[in-house]
Amino acid sequence: MAMPKLFLYNTLTRKKEEFKPIYDGMVGLYTCGPTVYNYAHLGNLRTYIFEDILKRVLFYDGYKVRHVMNITDVGHLTGDMDMGEDKLEVEAKREGKTAWEIAEFYTQAFKNDIKKLNILEPEEWCKATDNIQEQIDLVKKLEEQGYTYKTSDGIYFDTSKFKDYTKLSHLDLEKLKEGARVERNPEKENPTDFALWKFSPKGEKRQMEWDSPWGIGFPGWHIECSAMSMKYLGKHLDIHCGGIDHINVHHTNEIAQSEAATGEKFFNYWAHGAFLNIAGGKKMAKSEENFLTVENALEKKGINPLVYRFAALQVHYRKPMEYGEDAMRTAQNGLEHLYNKVRELGNEKGKIDEEFKDEFLKAINDDLNMPRALAVVQEVLKSNLANEDKRATILDFDAVLGLGFVDAVIGVELPAEIKSLVEKREQARREKNFQESDRLRKEIESRGYILEDTKEGVRVVKR
Ligand code: AMP
Ligand code: ZN
């Protein structure tokens, strides 16, 4: 059977284009992963949900997908322009732990969060600190080809030597030069130049540092994604994703250093997700106070994390999404309603309706139009198909939606020990022993189940 045509908006060309893989039926997908000095916030997770939808659409269309995600555990500095301290080392000092412990802790926290949001794990996780030699080799290659220069604090990439530096960002470099008067690093030759390798500060021993041909130090932030995507996927690749904040600097620099080193086109398609904002249009950011996590914004309020996924699917990934508690409650009711509707369809096995499936395919392949895809689910429910066929069709769509219909709706028979923990927690709550009920909730969660306190009472779903 022929694969459906997938149309994707490509930031490189600023157009919706038909996706054509380099190798038939296979896709190399690279998504920039988290910097693990803190929990991921709901904004970060919006981007990972969008990328997960893309991956699930590719699977649904019949592609084999090799997805690589990096973990940034070194080199991401607090300041712009390659200045400031390493975010991980700052957090390590604050928490009285080592940078390695910080990285390990928040990597695990990130993996737990994405699991709760039904985000599929990449085929390959890779850590920046596990790939230092690959990064050094890439910098050496750039040095041999004359793209680098040395300053007192590191080795820099000379962006004036790479023609087409602005092909992704479409930035006006002349304007940037005017702005360069406020540039804080006077040793840089061009305002857009960026660090490939940074030296450890003189007289200071960093927790994470390595020897290199240029001196002891650590890699610049951008080089890891180039080195690791090429290591795991090859020189010329299919789709690279991230949030829109990565377009002008991080992804632009990835393209410059990769294409300068290999002489080949780096990625054919660049897909970027818009921000999650809080009321008033302000971006949610780790450095801001509006820092909402799966735990504090959802679970502690008795909201199943999949409610957030459901809310995210209701906004097209290239449009800004606004976070608000009311919106979350509305989404909670909406998802609950949907679960009930599907539950009412019974348990008979039916067959997938091909006409609705075509509609669904058209929606998801039109630049991941998930609001439309959700509308198709409603149309199925309202249609005059037999209940079992509605059920089969919607469960099939869930391979892309990832809303957990199979577990939440069809219901899994709870193991006896979970049932007993749930009952004990109910008892603790009746006795207003909230410390104990919290402890039991955590214990239930650690065994792979999520508790939802709904209007009708407590519900337990498998993660
Ligand atoms: P970071 O951990 O800061 O490297 O960011 C991880 C991912 O989250 C990147 O792809 C960012 O582009 C993305 N991101 C950061 N803030 C937001 C936001 N408010 N909304 C959506 N995506 C975001
Ligand atoms: Zn990256």
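Rules used throughout
Residues numbered from 1 in each chain as written. Chains lettered and ligands numbered in written order. Predicted model: local features only at pLDDT ≥ 70, side-chain atom pairs only at ≥ 80, totals over all residues. Heavy atoms only, no water. Pairing = 2+ DSSP bridges. Helix = DSSP H or I, 4+ residues; strand = E, 2+ residues; numbered from the N terminus. Donors = N, O, S within 2.8 Å, 3.2 Å for Na, K, Ca; no water. Tetrahedral: all angles 85-135°; square planar, octahedral: opposite > 155°, others 65-115°. Buried < 20%, exposed > 50% of the residue type's maximum accessible area, 1.4 Å probe, protein only. Axes fitted to C-alpha atoms, helices over the stretch in contact; angles between N-to-C directions. Parallel < 35°, antiparallel > 145°, perpendicular 65-115°, else oblique. Contact = heavy atoms within 4.5 Å. Nonpolar A, V, L, I, M, F, W, Y, C, P; charged D, E, K, R; others polar. Domains from an automatic or database assignment. Buried area = accessible area lost by both parts, 1.4 Å probe. Near = heavy atom within 4 Å. Polar contact = N/O pair within 3.5 Å; in protein donor to acceptor, adjacent residues only side chain to side chain. Areas by Shrake-Rupley, 256 points an atom, 1.4 Å probe, with all protein chains shown as cover.

Looking at the pairing of strand S7 (residues 154-157)
Every other side chain in a regular strand lies on the same face of the sheet, so the side chains alternate between the two faces.
Argument step 1. When strand S6 (residues 148-151) meets S7, the two strands line up antiparallel, connected through four bridges. Across the sheet, residue Tyr149 finds its bridge partner in S7, namely Tyr156.
Argument step 2. Counted between consecutive antiparallel strands, the loop separating S6 from S7 contains two residues.
Argument step 3. Bridge count between S7 and strand S8 (residues 194-199): four bridges; the pairing is antiparallel.

Regarding the coordination of the zinc ion (ligand 2)
Argument step 1. Cys32 (SG), Cys225 (SG), His250 (NE2) and Glu254 (OE) make up the full set of protein donors to the zinc ion (ligand 2), lying at 2.0 to 2.8 Å.
Argument step 2. If you look at the zinc ion (ligand 2), its four donor atoms make angles of 73 to 128° with each other, and the shape they trace is irregular.
Argument step 3. Counting along the primary sequence, the residues that act as donors to the zinc ion (ligand 2) give the motif C-x192-C-x24-H-x3-E. Highlighted residues: Cys225 in helix H6 (residues 223-233) and Glu254 in helix H7 (residues 247-262), separated in sequence by 29 residues. The same class applies to Cys225 as to Glu254, namely buried.

A short note on the sheet that holds strand S9 (residues 217-219)
Argument step 1. Taking strand neighbours across the sheet as the criterion, the four strands line up as S6-S7-S8-S9 in an open arrangement whose pairing is antiparallel. A strand with exactly one partner marks an edge of an open sheet, and here the two such strands are S6 and S9. In this sheet, neighbouring strand axes are inclined to one another by 25° on average, regardless of whether the strands run parallel or antiparallel.

Focus: the sheet that holds strand S3 (residues 26-31)
Argument step 1. Spatial strand order, S5-S4-S3-S10-S11: five strands in an open sheet with parallel pairing. Each edge of the sheet is formed by a strand with only one pairing partner; in this case those strands are strand S5 (124-127) and strand S11 (267-273). Going from strand to strand, the sheet's axes swing by 20° on average, the running direction of each strand aside.
Argument step 2. Alignment of S3 against strand S4 (residues 64-71), held across six bridges, turns out to be parallel. Each residue of the ladder has a partner; that of Met26, found in S4, is Lys64.

Quick word on the packing of helix H9 (residues 305-313) against helix H10 (residues 325-343)
Argument step 1. With their axes 9 Å apart at the nearest point, H9 and H10 run at an angle of 100° to one another. Here H9 lies roughly perpendicular to H10, going by the angle between them. Each of Leu306, Val307, Tyr308, Phe310 and Ala311 in H9 lies in contact with H10, whose residues at this interface are Met328, Ala331, Gln332, Gly334, Leu335, Leu338 and Tyr339.
Argument step 2. Its residues assigned to classes, the contact of H9 with H10 shows 10 nonpolar, two polar and no charged.

Considerations on the domain arrangement of the protein
Argument step 1. Entries for the protein in the domain assignment read domain 1 (21-273) and domain 2 (294-411).
Argument step 2. The straight-line distance from the C-alpha centre of domain 1 to that of domain 2 is 33 Å.
Argument step 3. When the two sides are added together, the surface that domain 1 and domain 2 hide from each other amounts to roughly 2,100 Å², 64% of it contributed by carbon and sulfur.
Argument step 4. When the buried area of domain 1 at its contact with domain 2 is split by residue, Leu42, Arg46 and Tyr60 rank highest and sum to 36% of it.

What about the site of ligand 1?
Argument step 1. Inspection of the region around ligand 1 gives 18 residues, with Gly43, Thr47, Asp245, Leu276 and Met284 positioned closest.
Argument step 2. Within the contact set of ligand 1, an oxygen atom lies 2.4 Å away from a side-chain nitrogen or oxygen of Asp245.
Argument step 3. Protein contact buries 94% of the 500 Å² of open area that ligand 1 shows by itself.
Argument step 4. Contributing elements (two or more residues each) for the shell around ligand 1: helix H1 (42-61) and strand S10 (237-243).
Argument step 5. For the shell around ligand 1, the element with the most residues is H1, which contributes four residues.
Argument step 6. Here the shell around ligand 1 is composed, by residue class, of six nonpolar, nine polar and three charged.

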